[in-house]
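A closer look at the structure
Chain by chain, the residues:
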Amino acid sequence: MAKKSVTPSIRMDEEVYQKLKALKEKYNISWNDLVKCSNKLLSENMNRKTKEK
């Protein structure tokens, strides 16, 4: 089964976008991989904060 492609819209300042784009280019990764990495880091951080309570 083919993966379904979606085009989400994320609002951010131009400065933030440029920083993300620079990271993407520095590490030569796709936008998908950058988002996956961000999601993983956020999930780990959220889990850690939940356990601290």
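Below you will find a few notes about this structure.

Time to look at unusual backbone geometry. Positioned with a positive phi, Asn28 is a non-glycine residue whose angle comes to about 50°. Note on placement: Asn28 falls in the loop between α1 (14-26) and α2 (31-52).

Computed from the structure, the largest pocket encloses a volume of approximately 480 Å³. Around the largest pocket, the lining comprises 16 residues; the ones closest to its centre are Pro8, Ile10, Trp31, Asn32 and Val35. Taken together, the elements giving at least two residues each to the lining of the largest pocket come down to α1 and α2. Split into classes, the residues belonging to the lining of the largest pocket amount to nine nonpolar, four polar and three charged.

In total, this model carries one salt bridge according to the counting rule given. Linking Glu15 and Lys19 is a salt bridge whose minimum nitrogen-to-oxygen distance equals 3.5 Å. Here Glu15 pairs with Lys19, and both are found in helix α1, just four residues apart, close to one helical turn. Note on accessibility: Glu15 and Lys19 belong to one class, exposed.

Thresholds applied
- Residues numbered from 1 in each chain as written.
- Predicted model: local features only at pLDDT ≥ 70, side-chain atom pairs only at ≥ 80, totals over all residues.
- Heavy atoms only, no water.
- Helix = DSSP H or I, 4+ residues; strand = E, 2+ residues; numbered from the N terminus.
- 1 Å grid on protein atoms, 1.4 Å probe; cavity = no way out; pocket = protein on both sides within 12 Å on 5 of 7 lines; lining within 4 Å.
- Points joined across faces, edges and corners; volume = space filled by probe spheres on them.
- Nonpolar A, V, L, I, M, F, W, Y, C, P; charged D, E, K, R; others polar.
- Salt bridge = Lys/Arg side-chain N within 4 Å of Asp/Glu carboxyl O.
- Buried < 20%, exposed > 50% of the residue type's maximum accessible area, 1.4 Å probe, protein only.

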